[in-house]
Amino acid sequence: MTNLKSTNSKSIAVLGAGAWGTGLASIAEANGHQVSIWSRYGSETLAEVVENADAIVSAISMKGVREVATQLHGLPIPPKAVFVTVTKGLEPETISTPSQIWQETFPIHAVVVLSGPNLSKEIEMELPAATVVASRSKDAAELVQLVFSSSRFRVYTNSDPLGVELGGTLKNVIAIASGVCDGLQLGTNAKAALVTRGLTEMVRIGNFWGAKTETFYGLSGLGDLLATCNSPLSRNYQVGYQMACGKTLTEILTHLQGTAEGVNTCRVLMQRAKQRNISIPITEQVYRLLEGEVTPQQALDELMLRDIKPEYSY
Ligand SMILES: NC(=O)C1=CN([C@@H]2O[C@H](COP(=O)(O)OP(=O)(O)OC[C@H]3O[C@@H](n4cnc5c(N)ncnc54)[C@H](OP(=O)(O)O)[C@@H]3O)[C@@H](O)[C@H]2O)C=CC1
Ligand SMILES: O=C(CO)COP(=O)(O)O
């Protein structure tokens, strides 16, 4: 990989040695940065890894974000350090996004969201990909853009961090539904309808949250939706596909490599949608399927037989 623009070598701390943490660490390292990876089972302490960091990249799955942010809170973090969050999930208790947790814990530091169609297995193979870095701080987003940009990884900046973060998070639920669609062999028309109506649902939820509509039509929304809904490499897609093939959720999650955030996100979204009276029919059927309340075929019938209505009613 060739770094596009030379930037001074930065000190990058990556938290989480899972699939995406190690993938991002490799990109930054190939660009000539000093990278340290922290894992709770590793030999280096959090304090050692973040000491002098220019950027602290959190690739922790949702269930661990609050815990790690709290551990870091007591440590001397360099004031210049920018937090970068790549987690695609929602916290059940607070319905906070990961960037909201980081910003709340570190109010004076800049927080950047990195999200896009980035299946880590493809990145590992050095296949070309693009992503988005979004922040309220333009300088912070541009710093992170320089750290990760290369001839194999094209990084765009964006000023709607909430929209970018929600795009990556909400598409996981639609990816589960897409896996079901393919597992039931429903065909290309069905898949196109599902993904398109899924995007409408993402925009509707995102608008309630305060995100911009156009962000969902970019790489972090539609882009990630297309990647995840069409690839067996996606863990969320695999959950839906295998359920359609008759496996139970417990069986699937026991054997799944890594995290399928959509399972938890779906539950959190149902809670939020009920409180706010938001219509999320696809998410609702995915929820009922995951809870064992309907079979894949029943979920499909429920969606097809809903009241007829105009295409647009955000
Ligand atoms: N893989 C991918 O293609 C992509 C993933 N993402 C997102 O990135 C996030 C991470 O995904 P991925 O790397 O695939 O997942 P993995 O399951 O491979 O890794 C999860 C990481 O989170 C860490 N972790 C979880 N809980 C805790 C905790 N309580 N304390 C400390 N560390 C914890 C794990 O640490 P340990 O190793 O110590 O168990 C591990 O390093 C997810 O939100 C995912 O949606 C985003 C884009 C692409
Ligand atoms: O978010 C991803 C790709 O952009 C990874 O998707 P999965 O978490 O479903 O594997």
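A quick note: this is a predicted structure, and the numbers were derived from the prediction, not measured.

### A few points about the site of ligand 1
- Inspection of the region around ligand 1 gives 26 residues, with Trp 20, Arg 40, Ser 120, Thr 259 and Glu 261 positioned closest.
- Measuring from an oxygen atom of ligand 1, one finds a side-chain N or O atom of Arg 40 at 2.8 Å.
- Here ligand 1, which alone exposes 880 Å², has 87% of that area covered by the protein.
- Considering each element in turn, the shell around ligand 1 owes the most residues, four residues, to helix α3 (residues 62-73).
- Of the residues contributing to the shell around ligand 1, the split by class is ten nonpolar, ten polar and six charged.
- Residues lining the shell around ligand 1 come from more than one domain, with at least three contributed by each of domain 1 (11-159) and domain 2 (162-304).

### Here we look at the packing of helix α7 (residues 161-183) against helix α13 (residues 281-290)
- Where α7 meets α13, the axes come as close as 9 Å, and the angle between the chain directions of the two elements is 70°. Looking at the two axes, α7 sits roughly perpendicular to α13. Relative to α13, α7 is oriented so that their crossing is left-handed. Across the interface between the two elements, Val 173, Ile 174, Ile 176, Ala 177 and Val 180 of α7 pack against Ile 282, Thr 283, Val 286, Leu 289 and Leu 290 of α13.
- For the contact of α7 with α13, the per-class residue count stands at nine nonpolar, one polar and no charged.

### Some thoughts on the domain arrangement of the protein chain
- In terms of domains, the protein chain is made up of domain 1 (11-159) and domain 2 (162-304).
- Each of domain 1 and domain 2 has a C-alpha centre, and the two are 24 Å apart.
- In this complex, domain 1 contributes 29 residues to the contact, which on the side of domain 2 involves 29 residues.
- Carbon and sulfur atoms make up 65% of the area that domain 1 and domain 2 hide from each other, which totals about 2,200 Å².
- It is Lys 88, Leu 90 and Ile 95 in domain 1 that bury the most area against domain 2; as a group they hold 30% of the surface buried on that side.
- Summed over the shared surface of domain 1 and domain 2, the number is one salt bridge.
- With a closest N to O distance of 2.7 Å, Asp 224 and Lys 88 form a salt bridge.
- At the boundary of domain 1 with domain 2, the tally comes to six residue pairs in polar contact (both at pLDDT 80 or more).
- Residue assignment for the side of domain 1 that touches domain 2 shows that the elements contributing at least two residues are α4 (98-105), β5 (111-115), α5 (120-124), β6 (129-135) and β7 (153-158).

The rules we used
- Residues numbered from 1 in each chain as written.
- Chains lettered and ligands numbered in written order.
- Predicted model: local features only at pLDDT ≥ 70, side-chain atom pairs only at ≥ 80, totals over all residues.
- Heavy atoms only, no water.
- Near = heavy atom within 4 Å.
- Polar contact = N/O pair within 3.5 Å; in protein donor to acceptor, adjacent residues only side chain to side chain.
- Areas by Shrake-Rupley, 256 points an atom, 1.4 Å probe, with all protein chains shown as cover.
- Helix = DSSP H or I, 4+ residues; strand = E, 2+ residues; numbered from the N terminus.
- Nonpolar A, V, L, I, M, F, W, Y, C, P; charged D, E, K, R; others polar.
- Domains from an automatic or database assignment.
- Axes fitted to C-alpha atoms, helices over the stretch in contact; angles between N-to-C directions.
- Parallel < 35°, antiparallel > 145°, perpendicular 65-115°, else oblique.
- Left-handed = near helix turned anticlockwise from the far one by under 90°.
- Contact = heavy atoms within 4.5 Å.
- Buried area = accessible area lost by both parts, 1.4 Å probe.
- Salt bridge = Lys/Arg side-chain N within 4 Å of Asp/Glu carboxyl O.

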